[in-house]
Every structure is written in structure tokens, then in C-alpha cells.
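# Residue-level structure breakdown
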Amino acid sequence: MYPQNLAPISELFVSYDSAQKLKQEAGDLVSHDLTPRQICDLELLMNGGFSPLKGFLSEEDYTSVVDTMRLADGTLWPMPITLDVSEAFAEKLEIGQDIALRDQEGVILGTMTVTDRWVPNKAHEAAQVFGADDDAHPAVNYLHNTAGKVYLGGPVTGIQQPVHYDFRGRRDTPNELRALFRKLGWRKVVAFQTRNPLHRAHQELTFRAAKEAQANLLIHPVVGMTKPGDVDHFTRVRCYEAVLDKYPQATTTMSLLNLAMRMAGPREAVWHGLIRKNHGCTHFIVGRDHAGPGKNSAGEDFYGPYDAQDLFREHEAEIGIEMVDFKHMVYVQERAQYEPMDEIADKDDVTILNISGTELRRRLAEGLDIPEWFSFPEVVTELRKTRPPRSQQGFTVFFTGFSGSGKSTIANALMVKLMEMGGRPVTLLDGDIVRKNLSSELGFSKEHRDLNIRRIGYVASEITKNGGIAICAPIAPYATTRRAVREEIEQFGAFIEVHVATSLEECERRDRKGLYKLAREGKIKEFTGISDPYDVPEHPELRVETENVEVDNCAHQVILKLESLGLIAGQ
Ligand code: PPS
């Protein structure tokens, strides 16, 4: 007999024959097109990764999870798994109705019986679950600016797993991993959660953790959704594969987890523990600042460095998986090996080396040396492939400011200067040009402006991804939309926000197109600055004043900024 942790876990899938029938019937149901995050959640709901959940949370369970970290029946569950939808979609539904859940290509993955529908108090959810109602937290930002206004809850019936075309052989459901451990005779398994490339210190740390627990090791990286700006999972998986060879044979395996992280620190650690228990693991490594989201809007850490370990320890028995706490590993030059910092007795007599994540990114960005004691050459080669020096990467310069502030003029001057330098293709996405070619049907409501900016952001992100320079020059009045565009682009290259800070009075005095006059007379409605809002950028990469400054000089300021960021070579 095998131990309990390796017994099959219950899934939400129906049998193959029932699935075929259900799929046909579901074709007639009202459909919800799942967002990328909901697809991740649904996959883990259906395959038992989120066991004991049987669907998206009901209102009662949601309230209880938010306030007490427990389902209404008292079971420990720290993360609200909710199906957020628009008000318009929610209004169409009746309680008790079945809906089809489709992926982004329209494939029906499952159905849900809607038992609950409610408007959540998002500020309360943010404060309780993420510790602060602060948009600097990626999940809070998502909650307020991406998630729908209404939540639906109800049991899910699984029809099929979401389709993945990448690294198929490396993806395992909880039952597949449990079966693998049974087959290999692995009784104790330490799981290592990660969203970053692994370097030598991680390899040492995980190997030691497994040795200490006398267990085998599962490298269990998240490939669903991680923190905006992380290294893409294609690169990471190639890096992980290189590191796998460094462990003694047959001690270690790797499997990819299609989880959408929330960066919720302590609560997230508990959640990760439950998920790994469901995948058949007996031990779980919890690091310093586990799943930390970085700094809040006041520049302070959201969570204390050991909050996650403390919360995990408090609930360890209930989670049903043992915590292995992270040792801070550093390289001791004289002994040419990694050692846990707190076990080095002769700290004052040896040279202790370490490279922070920020320093690593700097070295990659500037094409500087990354020493062998820090990482494996294969990993560095992979990272260099996707992170060429900044002077060879694509980037986006995003001008924002009032109508008539001078955005287009400066953008044009900048474009010409960059083309004169050569090296990368340059595209100008000017407000007026975009409205002619991409957004001709749009007006100036908030909804239409957002759509317009998102289109510009999409095109700019494609240009950036493919190594070009995108110069955008719309008004882009809303900070949240600008942030969304920034996040999209920063996956591929730098985003330089330039606030053209010409005052409204000056723009109106210039009134080059005669629009301000018409706006004042009420002949143009929703005019930015006059009868429509403009969120002044709080922390743009650059703010340029145009009053009493020549256009050429404004464009030159941008060039200097690009040089200082290493995006273009010095003149
Ligand atoms: S937005 O908000 O970013 O989508 O606007 P954008 O696409 O940059 O378009 C702004 C240009 O459209 C003209 N225009 C208006 N601007 C603001 N509000 C209203 N209601 C409006 N109606 C027309 C205006 O000429 C803007 O051009 P620029 O180049 O900014 O002066």
C-alpha cells in the first residue's frame, strides 16, 4: 500500500463519454469566455490542484475565506477563487442556470451551475487578503482594474483540461504526479516553488533541503501567471532544464504548474502549501519573503520577510505538508562553496559573495560578466539570449499630455533623431494617426479612450517584442490604462513614460486646432482638461516642460534619458 499523500485525489472531470455528450449540450448554454487568470484557476479546480474546492467560491465561502482564511465549513483555504464577470453578463443570468466556460479560442472546458451572484466589496477583499487596498500590489491592481464587477459562484463540471502546446511532457496533474511518485517509489517529496530562473544558490539550497528531509525533490515552477515583468516561462523552463542536470541522478524531477499567482505573501505561502500537498508532496520550501509583491506605494515592503514562514508554521498541521524553511545561501570565496549565512562561524575572516536580483538584471542589461560561482553557464547563455543588452532591445517611448501640449511635435522630432542614428526600426503611433487608422470608429468616452490606448499599447508591445522602437503620442488621460500598457510592454522591453507637462492654460492659449474654444462653448463634449479628466503621471520616467523651450531641446532631453537608461549608445 502507498501512503495517503499518494492515493488518487478527486477531480471534477466527468468520464470521457459523458464529457463528449456534455460538450455537445453545453454548446447551447450561455457562454463565459474565461480570462487567462480564470483559465489557470479552472485548470487547478478541475484537476484537484485546488482540492477540496468543487468550483468557484459561493458568496458564503468567499466572505468566510476573505475574513477568516477558511471556507464556511471551517476548512483552511486562504485565497478567494472567484469567477469575476461584467455587470452586463451577470444580469443575463438566473440563479440555478448552467453556463459554459470557454477558453480564449472558444473551446468549452467545463460548465458551472450558477448558485451565487454578488457584487463584492473589493476594497475589503484587498485589505483582508493582500494586506492593503493599494494598487501598487499587482493583485489589488488586478482586482480593481481588470477583474469584473460581479462575482459568480457555483460547482464546476470538468469537460477537458485547457490545451497547452508548450512543454507538454513537463506538465502533470496532481494525480499524474502522485502516480509518478508511486512508480518511482518516492515516499517523501520536497517541493520547491519558483517564478525565477534558478542559479547555483537555489540548486544548493534545494539539494540541501531534500537531503535534510531525507526526501526526493520536485522543482515545481509556476508557468501560469507570475509577477508582471518576470522572465518569461519559455526562457525559465530552458534554464530549469539545464539546472536539472546538476542534481544527482534520480533524486530530482521537475513539473510545471499552471498557477496564476497573486503575490499574496503569507496567504499565498499557505495556498502554495495546500496545492503542493494536493500534488502528492510531503514537504514544502518556504523562503524569505515568499511570493512577495515588492514595495507598496509608500516605498515599503508589503509584508515582513518572515511573515509567510510564520503563517505557514501556524497552520502547518492543517495544511498537511511540512515546511522546510529557506536558508539564506551565500558563496564563501575561500572555501569555493555555498553555505547557509547563519551557519558561517568565521564570517569576519572569509569573503562572502552574493549577487542580488537587481544586480543580476543590471549585468544582463548591460552585457556585463556574470561569474560562474553565481550561475551555471548554460543558464546565463539562455538569459542572455532573451535579455540582450538594452542597447539591442526594443522599447517604447510613451508621451502623454493635454491636447496641444506638444506631444506630436516632440514625438516627430524624436523619431527623426532616432532614425538618423539607425540600428532599429522606429514607428510613430501618434494620437491623430491612430484615430484615423486603428480607431476610426471610437469617440472620447472613458470606455473608448481606454480601448484606443489599449490598441496603441498592443501594437507598441508587438513592436517592442520584435526589437523595434515604438513612439506613442496620445493624450492617454487615465493612469490605470497607462499602467496596464506599461505592464504589457515591460514584458518585452523598456517603457519610458514622458509627461509633456504643458499647462492647460498654455495649451488653451495656443489652441492650435481651435478645439479649446469649441470645448469652452460646449460644442465639443468630454474634452480633456475642460470637461473630462486627466490624471497627471505621478512617476513618469521624464517630465518635459515646453513653455519657453524649443522642440529640439525637448526631443534631446528624451534622447539623453534613453542614453542614461542604456537604450541607445552615447553620442
Ligand atoms: S485619447 O484620450 O488618448 O484616446 O485621445 P487621443 O487618441 O490622443 O486623441 C486626442 C486628439 O483628438 C482630438 N480631440 C479630442 N481630444 C480630447 N478630448 C476630446 N473630446 C477630443 N475631441 C477631439 C484632439 O485633437 C487630440 O489631438 P492632440 O494631438 O492630442 O491635440
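Residues numbered from 1 in each chain as written. Predicted model: local features only at pLDDT ≥ 70, side-chain atom pairs only at ≥ 80, totals over all residues. Heavy atoms only, no water.

Here the focus is the domain arrangement of the chain. Split by domain assignment, the chain resolves into domain 1 (4-158), domain 2 (168-330) and domain 3 (390-564). Domain 2 and domain 3 are separated by 41 Å when their C-alpha centres are compared. (Domains from an automatic or database assignment.)

The description of an aromatic ring pair rests on the distance of the ring centres and on the angle between the ring planes. Taken as a whole and assessed by the stated rule, the structure comprises 15 aromatic pairs. A ring pair is formed by W373 and F374, whose centres lie 6.0 Å apart and whose planes are at 90°; its orientation type is edge-to-face. Here R482 stacks its cationic end above the ring of Y534, 5.7 Å away from the centre of that ring. (Phe/Tyr/Trp six-rings, centres within 6.5 Å; stacked < 30°, edge-to-face > 60°. Lys NZ or Arg CZ within 6 Å of the ring centre and 35° of its normal.)

On to empty space enclosed by the protein. A complete count under the given rule lists three cavities of 30 Å³ or more for this structure. Of the pockets and cavities examined, the largest cavity occupies roughly 80 Å³. Every residue lining the largest cavity is listed: L205, R208, A209, E212, I285, V324, D325, F326, K327, M329, P340 and E343. Elements that contribute at least two residues to the lining of the largest cavity include exactly α8 (200-212) and β12 (322-325). (1 Å grid on protein atoms, 1.4 Å probe; cavity = no way out; pocket = protein on both sides within 12 Å on 5 of 7 lines; lining within 4 Å. Points joined across faces, edges and corners; volume = space filled by probe spheres on them. Helix = DSSP H or I, 4+ residues; strand = E, 2+ residues; numbered from the N terminus.)

What follows concerns unusual backbone geometry. In this structure, the amide linkage connecting S51 to the following residue, P52, adopts the cis form with an omega of 10°. Position of P52 among the secondary structure elements: in the loop between α2 (36-46) and β2 (55-56). Phi at A250 is positive, roughly 70°, even though this residue is not glycine. If you trace the backbone, A250 turns up in the loop between α9 (233-244) and β10 (252-254). Within the chain, N548 stands out as a residue other than glycine whose phi angle is a positive 65°. Mapped onto the elements of the fold, N548 is located in the loop between β20 (542-544) and α20 (551-564). Assessed through its relative accessible area of 83%, N548 is described here as exposed. (Buried < 20%, exposed > 50% of the residue type's maximum accessible area, 1.4 Å probe, protein only.)

We now examine the nonpolar core. Counting residues in hydrophobic clusters, the biggest one holds 71 residues, and the most contacted among them are F50 and W77. A domain split of this core shows at least three residues from each of domain 1 (4-158) and domain 2 (168-330). Once residues within four sequence positions are removed from consideration, F50 is found in contact with D41, L44, L45, W77, I81, L259, W271, I275 and N278. (Core = buried A, V, L, I, M, F, W, Y, C linked by side-chain atoms within 4.5 Å. Contact = heavy atoms within 4.5 Å.)

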